[in-house]
Amino acid sequence: MDNCKRAMILGTGRAIPEKVLTNADLEKMVDTNDAWIVERSGIRTRHIVEPGTPLSSLAAEAGKKALEDAGLSAKDVDLIILGTVTGDMKFPATACFVQTLIGADNAAAFDLSAACSGFLYGLQLADSLIRTGIHQRILVIGGEILTSMVNWEDRNTCVLFGDGAGAVVLGPTQQDRGILATDIGANGNFSNLLYNPGCGSLNMPTPENARDKLHTLRMEGREVFRHAVVCMSRTMKKSLKASGLATEDLELVISHQANLRIIEALGKRLKLTEKQTYVNVDRYGNTSAASIPIALDEARRDGRVKEGDLVGLVTFGAGFTWGSSIIRL
Ligand code: ACO
């Protein structure tokens with residue numbers, strides 16, 4: 001498109017499974033208690049799918065709602081990027097199932113693997129493709145069924161995660177709004193602190209590996225916590241600098257919803273006020289790539305942010321990967 005300055009958000013949507021898993025439910029499954037979970041993570045409930053529900057159904061629901069919000073037809077979409085590490089199957093890409101479910105016949109479609117950073121990696125890529133004029137209408141979805149890789153016997157991890165999907169539709173704009181800056185990064189040296197060892201070519205699906213539950217996620221919680229705060233604050237500062245803005249200019253900062261203590265520690269480093277800090281981890285737990293688009297959709301629909309407001313998005317996940325973005329809605 002001629003004179004396209006950047007990409008802007010045309011609509012948002014989310015899909016949250018109905019079933020709620022409370023801390024009291026988890027007390028019956030592992031040696032844990034509500035007080036520990038709330039104090040260490042801030043999580044009170046998480047929404048989880050009924051077994052057999054594929055990610056494509058949640059991702060398609062979120063995508064459809066984002067298109068409705070934008071007043072667009074699925075036929076207008078020319079690319080679907082789905083950030084996920086819990087797709088329906090190894091291949092085809094779950095984005096292709098989403099394409100069929102929503103009827104986006106004119107779209108290319110692929111999945112993007114960057115764990116909790118999948119949505120912001122996708123947002124940066126989509127912004128670049130729109131700026132260059134290669135694509136005009138891109139659906140960026142972050143979605144996970146993390147309960148598919150949770151070890152329900154491991155109290156260190158099973159209390160933290162939930163399922164869900166969120167989506168945005170992006171299109172070109174000549175106005176002074178939209179995605180003002182983005183930053184993404186990775187450091188593979190820390191891949192051993194948060195990973196899912198099974199399901200790939202490294203560890204084949206043998207009976208021994210199934211017995212050892214290699215398909216479930218592994219995490220060194222304390223180390224992840226430490227790196228998350230440092231990396232998120234660094235990437236956010238980079239995006240702020242690139243956009244020529246300061247934290248006090250931001251109406252709201254939506255950081256990856258992994259743990260309330262991480263969100264609070266990041267807020268301290270960035271000197272954010274409570275009003276500038278979005279929290280829904282208490283209700284949804286950590287939904288990985290879905291957490292930011294779910295929160296953004298909630299914040300828009302609940303009137304917490306409105307057109308023209310400046311919003312910061314920031315994330316951190318396995319890899320390690322991280323990313324941030326400054327957007328004028
Ligand atoms: N209930 C009760 N006790 C528990 C539980 C539980 N669910 N889980 C662990 N404990 C125990 C441990 O066994 C340990 O006991 P010990 O001292 O007798 O060995 C004790 O509690 C302390 O465990 P720590 O792991 O040191 O507790 P910590 O305060 O670090 O909190 C937590 C753990 C919540 C995982 C924290 O480290 C954290 O949030 N880390 C960030 C990681 C994260 O959020 N990861 C999500 C994915 S990554 C991402 O999305 C960015």
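Computed from a prediction, not measured in an experiment: that's the story for all the values here.

A.B. asks: I would appreciate a short explanation of the pairing of strand 5 (residues 108–112) in the present structure.
C.D. replies: When a strand is regular, its side chains alternate between the sheet's two faces. One ladder, built from five bridges, connects strand 4 (residues 79–83) with strand 5; its direction is parallel. Residue pairing in the sheet places isoleucine 80 in a bridge with alanine 109 of strand 5. For the crossover that starts at strand 4, traverses helix 4 (residues 94–102) and ends in the parallel strand 5, the hand is right-handed.

A.B. asks: So what exactly am I meant to see when it comes to the domain arrangement of the protein chain here?
C.D. replies: Interfaces are often described in size by the accessible area the parts lose on coming together. Structurally, the protein chain comprises domain 1 (6–174) and domain 2 (180–328). Relative to domain 2, the C-alpha centre of domain 1 lies at a distance of 14 Å. Listed per partner, the contact involves 50 residues of domain 1 and 49 residues of domain 2. Where domain 1 abuts domain 2, roughly 3,900 Å² becomes buried across the two surfaces, and 60% of that area is made up of carbon and sulfur atoms. Summed over the three residues of domain 1 that lose the most area to domain 2, namely Arg14, Cys116 and Leu120, the buried surface amounts to 17% of that side. Inspection of the domain 1/domain 2 interface yields three salt bridges. The salt bridge involving arginine 14 is made with aspartate 297; its shortest N-O contact spans 2.8 Å. Our count for the domain 1 to domain 2 interface comes out at 26 residue pairs in polar contact (both at pLDDT 80 or more). Those elements that provide at least two residues to the side of domain 1 that touches domain 2 are strand 1 (6–15), helix 2 (34–41), strand 3 (45–47), helix 3 (55–70), helix 5 (118–131), strand 6 (138–145), helix 6 (155–158) and strand 7 (163–173).

A.B. asks: So what exactly am I meant to see when it comes to the pattern of salt bridges here?
C.D. replies: Oppositely charged side chains may form a pair once their charged atoms are brought near each other. Throughout the structure, instances matching the rule amount to 17 salt bridges. A salt bridge links arginine 226 to glutamate 223; the shortest N-O distance between them is 2.9 Å. Placement of the pair is arginine 226 and glutamate 223 together in helix 8 (residues 221–243), with a separation of three residues, close to one helical turn. Take glutamate 223: its relative accessible area is 30%, and that puts it in the partly exposed class. Of the charged contacts in the structure, one is a salt bridge between aspartate 297 and arginine 301, with a shortest N-O distance of 2.7 Å. Of this pair, aspartate 297 and arginine 301 are both found in helix 11 (residues 291–301), four residues apart, which corresponds to roughly one turn of the helix.

Reading the values: the criteria
Residues numbered from 1 in each chain as written. Predicted model: local features only at pLDDT ≥ 70, side-chain atom pairs only at ≥ 80, totals over all residues. Heavy atoms only, no water. Pairing = 2+ DSSP bridges. Helix = DSSP H or I, 4+ residues; strand = E, 2+ residues; numbered from the N terminus. Right-handed = clockwise from strand over helix to strand, strands pointing away. Domains from an automatic or database assignment. Contact = heavy atoms within 4.5 Å. Buried area = accessible area lost by both parts, 1.4 Å probe. Salt bridge = Lys/Arg side-chain N within 4 Å of Asp/Glu carboxyl O. Polar contact = N/O pair within 3.5 Å; in protein donor to acceptor, adjacent residues only side chain to side chain. Buried < 20%, exposed > 50% of the residue type's maximum accessible area, 1.4 Å probe, protein only.

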